[in-house]
Amino acid sequence: MNDRWELWGPLEDRYREPRPRRILALDGGGIRGVITLGVLARLEDELRAANGGDPGFRLCDFFDLIGGTSTGAIIATGLARGMSVAEIGAFYEAFGETAFSRRKLWVRWKSLYEQGGLADTLRDTFGRDTDLSPEHLRCLLVAVTRNATTDSAWPISSNPFAKYNDPARSDCNLRIPLWKLVRASTAAPVFFPPEVIAWDEHDPSKSFVFVDGGTTPYNNPAFLLFRMATEPAYHLGWPAGERNLLVVSVGTGGAPVLGDTADAPETNLLEAATNTLSALMSQASVDQDVNCRVIGRCTYGGIVDRELRDLTPVDPGIPDQPLELATDAGKAFLYVRYNAELTDAGLAELGLDGIDARRARKMDAVGNVGDLRAIGAALAQRVDLAHLGDFARL
């Protein structure tokens, strides 16, 4: 092939032209993805209005790379396919009944052997034969899953220049059906059976078992996506810098996973055991967020802790005064983080005192959709295109 850019197909003109790039990162979190959708709906409306008001405007027109983990991968794939947030929301809430409902033990046991309506729903939504090839997407897509066979995180990208996306390879990633990739990213242990994908149908050694991407350090994939966009090994090579790269990260709500207390340190051992995965996922997500705030320039985000605060750069000459966005702080990218604190205090700050924080934190309680929708709408009020600086306009 004379011109490698031909690999991009209908996306060639968009990605061949050097220009500032925008990344959208979506956390995992089960049915709490409803919170994410609330934020995205506001973001879509605001960006549409700021960029001409075209009813056909989609977030994939604004963001050059959209990536997600688990429930975030579902939403990211819909966005990258060109769906509006409203279309994804309608699908998602119906899908949630199938994907996230708490089921009795014998039904969960049965799920080890049957995929049920989950796979059917994903096939119907994304297409049985639709794969990661550029002609099936309107922007770059990354879905994070975990290869249980090799015990490694697998962030699968649609980047045509990536090493394992070479069409000459018999195990080319781009030929994997989208529905299978999303199914792999959402295969939560116990709730759903693992997804087995034959990367090369002629080589049995290239068949792998995949489970939920939330069981990797990248349930919040924001810093991972920054690395994949800028690290030369990934062959995308976008330049870093506050004027060159924007990362918008949207969470599904978070809260500390509380365990033993000092006056009864051994009375909660069983609960501590069951909470271990949740605690690891929570801390890994916070770590990804902190990495983004240290390496990137945070223009908006909640308080990390009482020592770090929000890590927003301050004016060295004026104590506690945020540095003007027009002044380059020398960071690798501009960073925005929208996430709700699912504690009594956090919900009260959003004006939602009547919502039970303990219930809101559950990732599999589809009966909470009304509360989650209210949390998403309240969090969406924090969305401000000023946080995006000069990136807000195409």
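Residues numbered from 1 in each chain as written. Predicted model: local features only at pLDDT ≥ 70, side-chain atom pairs only at ≥ 80, totals over all residues. Heavy atoms only, no water.

Here we look at the layout of surface pockets
In step 1: If you add up the space inside the second largest pocket, you get close to 460 Å³.
In step 2: Lining the second largest pocket are 22 residues, and of these Pro 155, Ala 162, Tyr 164, Asn 173 and Tyr 234 lie nearest its centre.
In step 3: Elements represented by at least two residues in the lining of the second largest pocket include exactly strand S3 (140–147) and strand S4 (152–157).
In step 4: Per-element accounting of the lining of the second largest pocket gives the leading share, 4 residues, to S4. (1 Å grid on protein atoms, 1.4 Å probe; cavity = no way out; pocket = protein on both sides within 12 Å on 5 of 7 lines; lining within 4 Å. Points joined across faces, edges and corners; volume = space filled by probe spheres on them. Helix = DSSP H or I, 4+ residues; strand = E, 2+ residues; numbered from the N terminus.)

Considering the nonpolar core
In step 1: Counting residues in each nonpolar core, the largest one holds 103 residues, and the members touching the most others are Leu 40, Leu 79 and Ile 375.
In step 2: At 8 residues, the largest contribution of residues to this core is made by helix H2 (residues 33–50).
In step 3: Excluding residues that lie within four positions of it along the chain, Ile 375 makes contacts with Ile 35, Ala 340, Leu 342, Leu 347, Leu 350, Leu 352, Ile 355 and Ala 360. (Core = buried A, V, L, I, M, F, W, Y, C linked by side-chain atoms within 4.5 Å. Buried < 20%, exposed > 50% of the residue type's maximum accessible area, 1.4 Å probe, protein only. Contact = heavy atoms within 4.5 Å.)

Some words on the pattern of salt bridges
In step 1: Within this structure, the stated rule accounts for 19 salt bridges.
In step 2: Between Glu 242 and Arg 243 there is a salt bridge; the shortest N-O distance is 3.9 Å.
In step 3: Relative accessible area serves as the criterion here: at 2%, Glu 242 is assigned to the buried category.
In step 4: You can call Arg 243 partly exposed: its relative accessible area is 38%.
In step 5: The partner of Arg 297 in a salt bridge is Glu 242, and the shortest N-O contact between them spans 3.0 Å. A residue pair is termed long-range when its members are at least 10 positions apart, and Arg 297 in strand S8 (residues 297–300) and Glu 242 in the loop between helix H9 (222–230) and strand S7 (245–250) qualify at 55 residues. (Salt bridge = Lys/Arg side-chain N within 4 Å of Asp/Glu carboxyl O.)

Remarks on the side chain of Glu 44
In step 1: Along the chain, Glu 44 falls in helix H2.
In step 2: Given the relative accessible area of 5%, Glu 44 is considered buried.
In step 3: Glu 44 has contacts with Phe 57, Arg 58, Leu 59, Ser 84 and Val 85, leaving out every residue within four places of it along the chain.

A word on the confidence of the model for the protein
In step 1: Per-residue confidence for the protein averages 89 on the pLDDT scale, and 88% of its residues sit at or above 70.
In step 2: Below a pLDDT of 50 lies the segment residues 104–114, which in the model reaches 12 contacts outside its immediate sequence neighbourhood of four places, other chains included. (pLDDT = per-residue confidence, 0-100.)

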